[in-house]
Number of protein chains: 4
Amino acid sequence: MTEANIPYSLNSKKVAEATTRLLHERGVTMEEIAELVMFLQKKYYPDLTMQECIENVESVLAKREIQNAVLTGIQLDILAEQGQLMSPLQEMLSNDESLYGVDEVLAFSIVNVYGSIGFTNYGYVDKLKPGVLQRLNDKSDHTIHTFLDDIVGAVAAAASSRIAHRKQGEREIELTGDTEENHNL
Amino acid sequence: MTEANIPYSLNSKKVAEATTRLLHERGVTMEEIAELVMFLQKKYYPDLTMQECIENVESVLAKREIQNAVLTGIQLDILAEQGQLMSPLQEMLSNDESLYGVDEVLAFSIVNVYGSIGFTNYGYVDKLKPGVLQRLNDKSDHTIHTFLDDIVGAVAAAASSRIAHRKQGEREIELTGDTEENHNL
Amino acid sequence: MTEANIPYSLNSKKVAEATTRLLHERGVTMEEIAELVMFLQKKYYPDLTMQECIENVESVLAKREIQNAVLTGIQLDILAEQGQLMSPLQEMLSNDESLYGVDEVLAFSIVNVYGSIGFTNYGYVDKLKPGVLQRLNDKSDHTIHTFLDDIVGAVAAAASSRIAHRKQGEREIELTGDTEENHNL
Amino acid sequence: MTEANIPYSLNSKKVAEATTRLLHERGVTMEEIAELVMFLQKKYYPDLTMQECIENVESVLAKREIQNAVLTGIQLDILAEQGQLMSPLQEMLSNDESLYGVDEVLAFSIVNVYGSIGFTNYGYVDKLKPGVLQRLNDKSDHTIHTFLDDIVGAVAAAASSRIAHRKQGEREIELTGDTEENHNL
């Protein structure tokens, strides 16, 4: 039986692996995304560790909705780099056209999974471009990261929201002595 | 020490309890929301039980983002019923003005937590108004459910998305023999 | 001077033309989208004409935000048809995977431009698949319309919202004798 | 005939007037919102005038979708100030609880009307709190602006998007000599 004859069935593991692999191949490490999270959250949680940030980024990237956005965005970046898109979409993506907002639309679908409190953090890092986002926006070589920079900022914002919701849970356990964990988001 | 002097601190349990209590006080039972979920999903999962639907509705209602939307929407319905809103917001809410879309905006923030696949289910039940949604839309008495009908439809759509993501996980465990659970959303 | 040396500058006309052309090439006519609008709105506006529906669809398709979503979605459909996407994105798009929601995300960015009142109409036609949507969902040939069916439903929903906002404006002019047009959305 | 007997009919003028009046009563001037627009856009359009910023803010505030969000948000702020909301919603709004995101949800429905390119600008001003936003966030008196600060930031972001889309139209007219105006958003 050839592969063409096997009926399609979603393989969640392959989707998850492709997400991690593609981020890596496009030059983005878990540590770099975690640094954006630290940048956004250290002010509120002085004891926050890089390990916690990395774990939260990994949890965000384990969500199917977010994997779909990451895969689609990176795919469009790669095709734009190879010049394989139709005009004028090709030109808009090659030049990171400021009036093209589908990258922001995908970013938003990432942030949304952890609720609306992440909107602000996403907008903030997308404007300031700290850390890895600056490198992704450097247009001096031939790489195209029109989608990737928004996606990375959105993953960092989502991880920040996840931390904020969980830290509240921990705080309430301390206050009340209640041992039941309460992970609202 | 009077209550006014206790510094504010979010109490997640109170928020969760108020959500369940208010839905109950506004006449909506978990079973009725679960029936909407069954209406939306039985075609895809013939073995789906009411118990599973109820559990998924409860999990959706345990999310903070969703509790915030439920509390805010029901609060606005109650204030409209009591005639306590300013004109012309009062008139728009009292009459479930079709060009007022803040109810849909809140509904959407509920659906989003379980990803974009729920958009369609939300729109579908909001248009068809099956089961409890028909009763909430009956304008013959003096109750106002401008927000509540959208909220209930959105919670049912979110629970449907949750089921779809989890059923996929179960299917893949069966196919692969992999015992590690994979709850992507 | 070769084309490569001309600095990039967004050409809005080309973007608009590509949008109309691609919809046509993918087999969708303005009349078919207008029929979806008529399907959604005739109940509320018995005098609504096909001409009005077509004009509203054209106005929706003149918006840059919507053109960007249409171009991006159709591009992904075409690349999937040609087998040019990376695995597992290729398989998800080829099979219109129900847990892949980026098509709904793009659809939503279209609906949003005319406000939240269109969410319901989008979900409704996306579920019922009347008219052209049924043909786009027929998986018997080798065409792939994973994005296009959602996009067409969203454009029809957006045009319906546009009509609803404008009909209200006309009604108020009649009621008040006020001749100043009021096109709120 | 008493007012109670007049059948309800949406009065768009009253909605528009209430929007402007309430912003004024809550201490926000058109000039202050325009200053936020200038802060966001002067870098890209050095010739941008305050008059243009004010006109764009006014156009944004003429949209029904945006008026609905403004009225609803300010209403909730006022009721919170008067202590008229149910617990624990009252406490969350009084304390601008950081895990309560309905204010961001409403803000987002405002930004969306002018497309996704405004997400970043909204997040940026909401984090930095320049100008009027700083005053609205000053918690030293008894006013509550939990919704208003997000709303004002969102209106400024929407007006910035409107300017960006229109400036592109003007640029293309200059380049092509084409006199037909092209207001895509």
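Residues numbered from 1 in each chain as written. Chains lettered and ligands numbered in written order. Predicted model: local features only at pLDDT ≥ 70, side-chain atom pairs only at ≥ 80, totals over all residues. Heavy atoms only, no water.

Enquirer: Would you explain the overall build of chain A in this entry?
Expert: A count of helical and extended segments in chain A gives 9 helices and 0 strands. The order of α-helices and β-strands along chain A, N terminus first, is α-α-α-α-α-α-α-α-α. A principal-axis box enclosing the C-alpha atoms of chain A has dimensions of 60 × 50 × 25 Å. Counting every position in chain A, which comprises 185 residues, the buried fraction comes to 62%. Counting only contacts in chain A whose residues sit at least 6 apart along the sequence, the fraction spanning at least 24 positions is 72%. Carbon and sulfur atoms make up 50% of the accessible area of chain A, which amounts to about 7,400 Å² in all. Each charge sign in chain A was given a centre, from 16 positive and 29 negative side chains, and these centres are 2 Å apart. (Helix = DSSP H or I, 4+ residues; strand = E, 2+ residues; numbered from the N terminus. Buried < 20%, exposed > 50% of the residue type's maximum accessible area, 1.4 Å probe, protein only. Contact = heavy atoms within 4.5 Å. Areas by Shrake-Rupley, 256 points an atom, 1.4 Å probe, with all protein chains shown as cover. Lys, Arg positive; Asp, Glu negative; His and termini not counted. Charge placed at Lys NZ, Arg CZ, Asp CG, Glu CD.)

Enquirer: What should I look at first to understand the relation of the copies chain D and chain B in this one?
Expert: Copies of the same chain, two in number, are related to each other by a rotation about an axis and a translation along it. For the match of chain D to chain B, the screw axis carries a shift of 0.0 Å, the RMSD comes to 0.0 Å, and the turn is 180°. Taken together, the rotation and translation describe the operation of a two-fold axis. Scanning chain D for the C-alpha nearest the rotation axis identifies D:Val105, at a separation of 3.6 Å. When the interface residues of chain D are mapped onto chain B, 100% of them again fall at the interface, so both copies present the same face. (Least-squares fit on C-alpha atoms with pLDDT ≥ 70 in both.)

Enquirer: Even after reading the chapter, I still don't get the relation of the copies chain A and chain C, so can you show me in this structure?
Expert: Overlaying chain A with chain C gives an RMSD of 0.0 Å, the required rotation being 180° about an axis along which the chain moves by 0.0 Å. When the interface residues of chain A are mapped onto chain C, 100% of them are again interface residues, pointing to one common binding face.

Enquirer: Looking at this structure, how should I read helix H1 (residues 12-25) of chain B?
Expert: Helical periodicity: at 3.6 residues per turn, an α-helix aligns residues three or four positions apart in one direction. Under the 1.5 Å per step criterion, the end-to-end length of H1(B) is 20 Å for 14 residues, consistent within 8% with the ideal 20 Å. Along H1(B), the positions that sit buried rather than exposed are B:Ser12, B:Val15, B:Ala18, B:Thr19, B:Leu22 and B:Leu23. Buried positions in H1(B), seen along its axis, are confined to an arc of 125° and lie on one side of it. Turned more than 90 degrees from where H1(B) packs its buried face, B:His24 and B:Glu25 sit exposed. Packed against the buried residues of H1(B) are helix H9 (148-176) of chain A, helix H2 (30-41), helix H3 (50-61), helix H4 (64-81) and helix H9 (148-176) of chain B together with helix H5 (89-94) of chain D. (Expected span 1.5 Å × (residues − 1). Arc of directions from axis to C-beta.)

Enquirer: Could you clarify how one ought to interpret helix H1 (residues 12-25) of chain C in this entry?
Expert: Along its buried surface, H1(C) packs onto helix H5 (89-94) of chain A, helix H2 (30-41), helix H3 (50-61), helix H4 (64-81) and helix H9 (148-176) of chain C together with helix H9 (148-176) of chain D. Just downstream of H1(C), C:Gly27 is the residue with a positive phi angle, here 90°.

Enquirer: It is not clear to me how the interface of chain D and chain B should be interpreted in this structure. Could you clarify?
Expert: Often the size quoted for an interface is simply the accessible area lost on bringing the parts together. Between chain D and chain B, the residue contacts involve 34 residues of the former and 34 residues of the latter. For the pair chain D and chain B, the summed buried surface comes to about 2,900 Å²; carbon and sulfur atoms form 72% of the total. Among the residues of chain D in contact with chain B, D:Tyr8, D:Gln75 and D:Met86 are the three that bury the most area, contributing 20% of the side total. Remark: the boundary between chain D and chain B carries 8 residue pairs in polar contact (both at pLDDT 80 or more). For the side of chain D that touches chain B, the secondary-structure elements that each account for two or more residues are helix H1 (12-25), helix H4 (64-81), H5 and helix H6 (102-112) of chain D. Here the side of chain D that touches chain B is built from residues that sort into 20 nonpolar, 8 polar and 6 charged. (Buried area = accessible area lost by both parts, 1.4 Å probe. Polar contact = N/O pair within 3.5 Å; in protein donor to acceptor, adjacent residues only side chain to side chain. Nonpolar A, V, L, I, M, F, W, Y, C, P; charged D, E, K, R; others polar.)

Enquirer: How should the interface of chain A and chain C be read in this particular structure?
Expert: The interface is formed by 34 residues belonging to chain A together with 34 residues belonging to chain C. The junction of chain A with chain C conceals about 2,900 Å² of combined surface from both sides, 72% of it contributed by carbon and sulfur atoms. Of all residues in chain A, A:Tyr8, A:Gln75 and A:Met86 bury the most surface against chain C, accounting for 20% of the area lost on that side. In this assembly, chain A and chain C are joined by 8 residue pairs in polar contact (both at pLDDT 80 or more). For the side of chain A that touches chain C, the secondary structure elements donating two or more residues are helix H1 (12-25), helix H4 (64-81), H5 and helix H6 (102-112) of chain A. A total of 10 residues in the side of chain A that touches chain C trace back to one element, the largest contributor, which is H4(A). Residues that form the side of chain A that touches chain C fall into these classes: 20 nonpolar, 8 polar and 6 charged.

Enquirer: How do you make sense of the environment of B:His142 when you look at a structure like this?
Expert: Position of B:His142 relative to the elements: it lies in the loop between helix H8 (132-137) and H9. What makes B:His142 exposed here is its relative accessible area of 76%.

Enquirer: Please clarify how a negative patch on the surface should be interpreted in this entry.
Expert: A contiguous patch of negative charge, built from A:Glu31, A:Glu35, A:Glu55 and A:Glu58, is present on the exposed surface. On the secondary structure map, A:Glu35 appears in helix H2 (residues 30-41). (Patch = residues over 30% accessible without salt bridge, like charges linked within 9 Å, V, L, I, M, F, W, Y side chains within 5 Å. Salt bridge = Lys/Arg side-chain N within 4 Å of Asp/Glu carboxyl O.)

Enquirer: Where do I start with the UniProt feature "domain: YutG/PgpA" (unreviewed entry) in chain A in this structure?
Expert: UniProt tags residues 32-164 of chain A as "domain: YutG/PgpA" (unreviewed entry). Along residues 32-164 of chain A, the helical share is 68% and the strand share 0%, with 20 Å between the first and last C-alpha atoms. (UniProt positions renumbered as here; feature names shortened; annotations may be inferred.)

Enquirer: Looking at this model, I keep getting lost on the packing of aromatic side chains. Mind explaining?
Expert: As enumerated under the stated definition, the model contains 19 aromatic pairs over all chains in all. With a centroid separation of 4.6 Å and an interplanar angle of 50°, the aromatic rings of A:Phe119 and D:Phe108 are classed as tilted. Residue A:Phe119 is found in helix H7 (residues 119-128), and its partner D:Phe108 is found in helix H6; the two belong to separate chains. In terms of burial, A:Phe119 and D:Phe108 fall into one category: buried. (Phe/Tyr/Trp six-rings, centres within 6.5 Å; stacked < 30°, edge-to-face > 60°.)

Enquirer: In this structure, what is going on with the environment of C:Leu36? I would like to understand it.
Expert: All names here are of chain C. Structurally, Leu36 is set in helix H2. Its relative accessible area of 3% is what places Leu36 among the buried residues. Sequence-distant contacts of Leu36, that is, excluding residues within four places in its chain, are made with Pro130, Val132, Leu133, Val152 and Ala156.

Enquirer: How should the side chain of D:Gln168 be read in this particular structure?
Expert: The topology assignment puts D:Gln168 in helix H9. For D:Gln168, a relative accessible area of 4% gives the class buried. Only 3.0 Å separates the side chain of D:Gln168 from the backbone oxygen of C:Leu10, close enough to count as a polar contact. Of the polar contacts made by the side chain of D:Gln168, one reaches the side chain of D:Glu172; its length is 2.5 Å. What D:Gln168 contacts, discounting residues up to four positions off in sequence, is A:Leu99, C:Leu10, C:Ser12 and C:Arg64.

Enquirer: How should I be thinking about empty space enclosed by the protein in this particular structure?
Expert: If you roll a probe as big as a water molecule over the atoms, it shows you where there is empty space left. All told, the structure shown has 1 cavity of 30 Å³ or more when counted by the stated rule. A volume near 440 Å³ is recorded for the largest cavity. Contributing to the lining of the largest cavity are 33 residues, with A:Phe108, A:Asn112, B:Asn112, C:Asn112 and D:Asn112 lying nearest its centre. Elements with a minimum of two residues in the lining of the largest cavity: H6 of chain A, helix H6 (102-112) of chain B, helix H6 (102-112) of chain C together with H6 of chain D. (1 Å grid on protein atoms, 1.4 Å probe; cavity = no way out; pocket = protein on both sides within 12 Å on 5 of 7 lines; lining within 4 Å. Points joined across faces, edges and corners; volume = space filled by probe spheres on them.)

Enquirer: Whenever I open this one, the pattern of salt bridges confuses me. Can you help?
Expert: Charged atoms that come close allow side chains of opposite charge to pair. Residues and elements named next belong to chain C. Evaluated as defined, the whole model comprises 28 salt bridges over all chains. Notably, a salt bridge pairs Arg26 with Glu81, separated by 2.6 Å at the nearest N-O pair. Taken together, the positions of Arg26 in the loop between H1 and H2 and Glu81 in helix H4 put the pair 55 residues apart, joining distant regions of the chain. Here Lys167 ties to Glu52 by a salt bridge, and the two come within 2.8 Å at their closest N and O atoms. Residue Lys167 is found in helix H9, and its partner Glu52 is found in helix H3; the two are separated by 115 residues along the sequence.

Enquirer: What am I meant to see in the environment of A:Asp149 here?
Expert: All names here are of chain A. Locating Asp149 in the fold gives a position in helix H9. Classification of Asp149 by relative accessible area gives buried; the value is 2%. Note: C-alpha distance between Asp149 and Ala107 (42 residues apart in sequence) is 9.3 Å. Among the polar contacts listed, one links the side chain of Asp149 to the side chain of Lys129, at a separation of 2.9 Å.

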